[in-house]
Amino acid sequence: MKKAILIVIVAGMLGFAVYDFVSSSDKSESTVTKEQESEEEASDNKITSPPPEEEEEDVVASDVVGLDKGQIAPDFELTTLDGETVKLSDYRGKRVMLNFWATWCPPCRAEMPDMQKFHEDKDVVILAVNLRETESNTEKVQAFIDERDLTFPVLLDEETVVADQYQIQPIPSSFLIDSDGRIHNKAFGALNYDLMVQEFEKMQ
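All figures in this text were calculated on a predicted structure; none of them were measured in a lab.

On to the overall build of the protein chain, then. Broken down by element type, the protein chain carries 5 helices and 7 strands. The buried share of the protein chain, taken over its 204 residues, is 37%. In the protein chain, the share of contacts with a sequence separation of at least 24, taken over all contacts with a separation of at least 6, comes to 70%. As displayed, the protein chain has an accessible area near 13000 Å², and 52% of this comes from carbon and sulfur atoms.

Following this line, the structure appears as structure tokens:
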């Protein structure tokens with residue numbers, strides 16, 4: 001009799017343990033499923049939400065000389081490869097692309113054909129300021145120009161004075177300057193032809 005009672009008790013405990021385990025598993029699966037559904041809904045919301053619209057920065061014209069958009073670009077005087085002395089202010093009344101570059105800089109090299117095309121297609125003055133102090137010699141710069149048939153003025157910044165004046169860090173760096181001598185746009189890194197034209201057409 002005692003054995004029968006013990007067997008019933010043990011069987012009951014085992015049955016309860018199995019029931020409790022199965023019940024816990026179901027609840028756990030249900031919780032995981034709900035969490036997955038919540039994550040999927042959040043993910044769907046992220047995908048379907050439209051990206052915020054970027055507002056175009058307004059350029060405010062200023063008579064202050066500086067490096068911010070709308071300010072008058074700092075004047076400078078440099079010598080070209082041909083020995084001609086050039087000042088930025090000589091080109092007031094024309095739209096100017098002021099570019100800082102070096103022959104050893106791969107993005108600068110890649111940008112040059114687009115700059116030449118831009119020079120040929122548009123009524124724009126390109127002043128390509130070579131960081132001469134970083135070059136081994138001037139002949140190397142001249143050979144680079146000759147090999148690529150570049151026809152825009154190349155200015156030599158012998159001691160990186162103008163590069164320092166314009167706070168140049170990465171090269172190439174470009175400043176698009178409008179006919180009033182104000183900075184319309186700044187670009188750090190290589191520009192392609194389409195971007196050059198796009199910004200040029202926004203300038204006066």
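Moving on: the pattern of salt bridges. Under the counting rule described, the total for this entry stands at 6 salt bridges. A salt bridge links R182 to D63; the nearest nitrogen and oxygen atoms lie 2.7 Å apart. Of this pair, R182 sits in the loop between β6 (173–177) and β7 (183–188) while D63 sits in the loop between α1 (2–48) and β1 (77–80), and the two are 119 residues apart along the sequence. Take D63: its relative accessible area is 64%, and that puts it in the exposed class.

Cis rather than trans, the peptide bond between I171 and P172 has omega equal to 0 degrees. With respect to the helices and strands, the residue P172 is situated in the loop between α4 (161–165) and β6. At D149, a position not held by glycine, the phi torsion is positive, near 50 degrees. If you trace the backbone, D149 turns up in the loop between α3 (138–147) and β5 (154–156). By relative accessible area, D149 is classed as exposed at 60%.

Taken together, the side chains of D75, E77, D82, E84 and D90 present a region of like negative charge at the surface. Checked against the element boundaries, D82 lands in the loop between β1 and β2 (85–87). On the accessibility criterion, D82 (73% relative accessible area) is exposed.

Our next topic: the state of the cysteines. Following the criterion strictly, the structure yields 1 disulfide and no others. Residue pairing for C105: its cysteine sulfur links by disulfide to C108, the two sulfurs lying 2.4 Å apart. One quick way to see it: the torsion about the S-S bond of C105 and C108 is about 80 degrees, and its sign makes the bridge right-handed. When sorted by exposure, C105 lands in the same class as C108, which is buried.

The description of an aromatic ring pair rests on the distance of the ring centres and on the angle between the ring planes. The tally for this structure, following the rule as stated, stands at 6 aromatic pairs. Where F76 meets Y166, the ring centres are 6.1 Å apart and the plane angle is 85 degrees; that geometry is what we call edge-to-face. Residue F76 is located in the loop between α1 and β1, and its partner Y166 is located in the loop between α4 and β6; the two are separated by 90 residues in the primary sequence. When its relative accessible area of 6% is taken as the criterion, F76 is described as buried. Residue classification places Y166 among the buried positions, given a relative accessible area of 2%. Geometrically, the ring pair formed by F118 and F200 is edge-to-face, given 5.7 Å between the ring centres and 85 degrees between the ring planes.

Reading guide: rules and limits
The residue numbering used here restarts from 1 in each chain and proceeds along that chain's sequence as written. Two thresholds apply to this predicted model, a pLDDT of at least 70 for residue-level local features and 80 or more for giving and counting side-chain atom pairs, whereas whole-chain, interface and lining totals are computed over all residues. Side-chain metrics rest on all non-hydrogen atoms present in the structure, leaving aside hydrogens and water. Under the scheme used here, helices are H or I runs from DSSP no shorter than 4 residues and strands are E runs no shorter than 2 residues, and both carry numbers assigned from the N terminus. Each residue is placed in one exposure class: buried if its accessible area under a 1.4 Å probe, protein chains only, is under 20% of its type's maximum, exposed if it is over 50%, and partly exposed if it falls in between. In this description, contact between two residues means that some pair of their heavy atoms is separated by no more than 4.5 Å. Surface exposure here means Shrake-Rupley accessible area, sampled with a 1.4 Å probe, where a residue is shielded only by the protein chains that are shown. Any Lys or Arg side-chain nitrogen located within 4 Å of an Asp or Glu carboxyl oxygen qualifies as a salt bridge. Excluding any residue in a salt bridge, patches collect residues exceeding 30% relative accessible area, merging like charges within 9 Å and nonpolar Val, Leu, Ile, Met, Phe, Trp and Tyr side chains within 5 Å. The charge count treats Lys and Arg as positive and Asp and Glu as negative. His and the chain ends do not count. Every charge is mapped onto a representative atom, which is NZ of Lys, CZ of Arg, CG of Asp or CD of Glu. The rule for a disulfide is simple: a pair of cysteine sulfur atoms within 2.5 Å. Put simply, two rings from Phe, Tyr or Trp (the six-membered ring, in Trp's case) pair if the centres are within 6.5 Å, and we call them stacked under 30 degrees between planes, edge-to-face over 60, tilted for the rest.

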